[in-house]
Structure formats: C-alpha cells, structure tokens
Amino acid sequence: MKQRISLTKSEERRLTKRLLCAVIFIGIFCGSIFFSMFKGNINSIILKQNISPLNINLSVLDFFKSTALIYIIYMIIFGLCGMFVFGQAISIFTLLFRGFSMGIAISSVYASMGLKALVPLIILVIPKLLAVSVIFILASRESVKMSNKIFSFILSKNSEDNMKSQTKLYLIKFAVLLFFLLLISFGECAMNYFFIDLCY
C-alpha cells in the first residue's frame, strides 16, 4: 500500500509559487514562438499590453493611464476568479496569457532593435516584468486559494462567519497588490521619461 505524502502549508505555498512561475515561463515561450510564426506582424494592444515602451508612440501620461488600466483589468479578473468555485482554471489561464504577452513584447523589441535592445530591456523592461509578475503570481495564488475556500464552504466545511472574514481579508490583499501595481506603473513611466525621452 502506497504511503500518502502530505505537505505542510509552507511547502504548499512554495510548490504553488513554483507552478505559477512555470505557467508564466510556458506563456513566454509560447508567445515567442507565436511572434516568430507571424514574423512580427502583431500590433494588438491586447497582446502587447504596453509591456515594452520602446515601440509605443504614447505620451508619458497616456502610457501611465493605459498601463494602469491593463493592470486593473488583470486584478479584476484574478479577483473575480477567486469568487467562483471553478475560477482556478481561469486564473491560471490569465497568468499564462500574461506570460504569452511578455514573450511577444520581448521578441518584438529584439526583432526591431537586435542587440541594441539589450540595454533598454535590462533597464526598462525586465525589472518591471519581474515586479509585476511577482504581484500577478501572488494574485493568482490568492485567487486559487479563495476559490478552494468557497468550494469548501459549499460543502459546509467552513462556517459562514469564517467565510465573511476570509472574504474581507481577500479583498484587502487585492487592494494592497493593486496599490503596488499602480506604484510600479508610476515608476515605470518616470523611467520611460528619463531614459527614452531624454536619452533617445
């Protein structure tokens, strides 16, 4: 008889983070392949999502508004996924799509600038991608956890009072994550202004 392996909560958190990181990397790989298949003829903001500011002709203020709106939409999707029993799959797919867009954006910069894209990628794109990806991974993890709690609540494994407190905590966490995303968006626009507008 096989012995069942049980994980502690900290081990489960680490495993979940690694799996969600893998989802993003798979998305980046697929996005890069997709870009090469269409030979760079991709101009949709839905796919590029203002990830790279180098190929976007927007003012600093318009770029901030557009980027902030994209981040808010992502957080709304992640937040709503946690409110449904079967929201886990949509949350993970949303994270995959973000990685897909990252792959397209990075590939487009390299295709248009070649090795000259290395410096702006390191300064402008990669730090932002890492910071935003961490927040999206945390949002996706919280979404999956909340969805599982709702499923347990439906099966009467959680009390109603406990569910209310969990929901309040869930909303607070998302408000904090969104606040940090908006800070990142503001910092990104400032970097774009000083690096692109003044140096290029």
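Above this note sits the structure.
The text that follows walks through the structure, step by step, so that each part is easy to find. All values reported here derive from a predicted model rather than from experimental measurement. Numbering of residues begins from 1 in every chain and follows the order in which that chain's sequence is written. In keeping with the predicted nature of the model, local features appear solely for residues at pLDDT of at least 70, side-chain atom pairs appear and are counted solely at 80 or more, and the whole-chain, interface and lining totals rest on all residues. Hydrogens and water are ignored here; the side-chain numbers use all heavy atoms of the structure.

**Some remarks on the overall build of the chain**
- Numbered from the N terminus, helices here are DSSP runs of H or I no shorter than four residues, and strands are runs of E no shorter than two. Secondary structure assignment for the chain yields 6 helices and 0 strands.
- Across the chain, helices and strands are ordered from the amino to the carboxyl terminus as α-α-α-α-α-α.
- With a 1.4 Å probe rolled over the protein chains alone, any residue whose accessible area is under 20% of its type maximum counts as buried; one over 50% counts as exposed, and the rest are partly exposed. Buried positions account for 38% of the 200 residues belonging to the chain.
- Contacts spanning at least 24 positions in sequence make up 81% of the contacts within the chain whose residues lie at least 6 apart.
- Carbon and sulfur atoms make up 71% of the accessible area of the chain, which amounts to about 12200 Å² in all. Between two residues, a contact is recorded if the distance between any of their heavy atoms is within 4.5 Å. Under the convention used here, a 1.4 Å probe and the Shrake-Rupley method define accessible areas, while residue burial counts only the protein chains that appear.

**Digging into the packing of helix α1 (residues 9-37) against helix α5 (residues 118-154)**
- Axes, fitted as lines to C-alpha atoms, cover a helix only where it is in contact. Angles between the N-to-C directions of the axes lie from 0 to 180 degrees. In contact at an axis separation of 10 Å, α1 and α5 are set at 120° when each is read in the N-to-C sense. Comparing their axes, α5 and α1 come out oblique. Classified by chirality, the crossing of α5 by α1 is right-handed. Along its contact with α1, which presents Arg-13, Thr-16, Lys-17, Leu-20, Cys-21 and Ile-24, the element α5 presents Ser-133, Ile-137, Leu-138, Ser-140 and Arg-141.
- Three classes are used, and their members are as follows: Ala, Val, Leu, Ile, Met, Phe, Trp, Tyr, Cys and Pro are nonpolar, Asp, Glu, Lys and Arg are charged, and the others, Gly among them, are polar. Here the residues of the contact of α1 with α5 are counted per class, giving 5 nonpolar, 3 polar and 3 charged. Geometric relationships in this document are graded by angle, where less than 35 degrees denotes roughly parallel, more than 145 denotes roughly antiparallel, 65 to 115 denotes roughly perpendicular, and other angles denote oblique. Here is the rule for handedness: rotate from the far helix to the near one, and if that takes an anticlockwise turn smaller than a right angle the crossing is left-handed, while a clockwise turn gives right-handed.

**Digging into the packing of helix α4 (residues 87-113) against α5**
- One way to put it is that α4 packs onto α5 with a least axis distance of 9 Å and a crossing angle of 170°. Comparing their axes, α5 and α4 come out roughly antiparallel. Of the residues in α5, those in contact with Gly-87, Gln-88, Ser-91, Ile-92, Leu-95, Arg-98, Met-102, Ile-106, Val-109 and Met-113 of α4 are Pro-120, Leu-121, Leu-129, Val-132, Ser-133, Phe-136, Ile-137, Ser-140, Ser-143, Val-144, Ser-147 and Asn-148.
- Tallied by class, the residues present in the contact of α4 with α5 amount to 13 nonpolar, 8 polar and 1 charged.

**With respect to the nonpolar core**
- Put simply, buried Ala, Val, Leu, Ile, Met, Phe, Trp, Tyr and Cys residues joined by side-chain atoms within 4.5 Å make one nonpolar core. In terms of nonpolar packing, the biggest core is built from 34 residues, with Met-75, Phe-78, Leu-95, Phe-136 and Leu-181 touching the most fellow members.
- For this core, the elements supplying multiple residues, two or more each, are α1, α3 (60-81), α4, α5 and α6 (160-199).
- Looking at this core, the element that brings in the most residues is α5, giving 11 residues.
- If sequence neighbours within four positions are ignored, Leu-181 has contacts with Tyr-71, Met-75, Val-132, Ile-135 and Phe-136.

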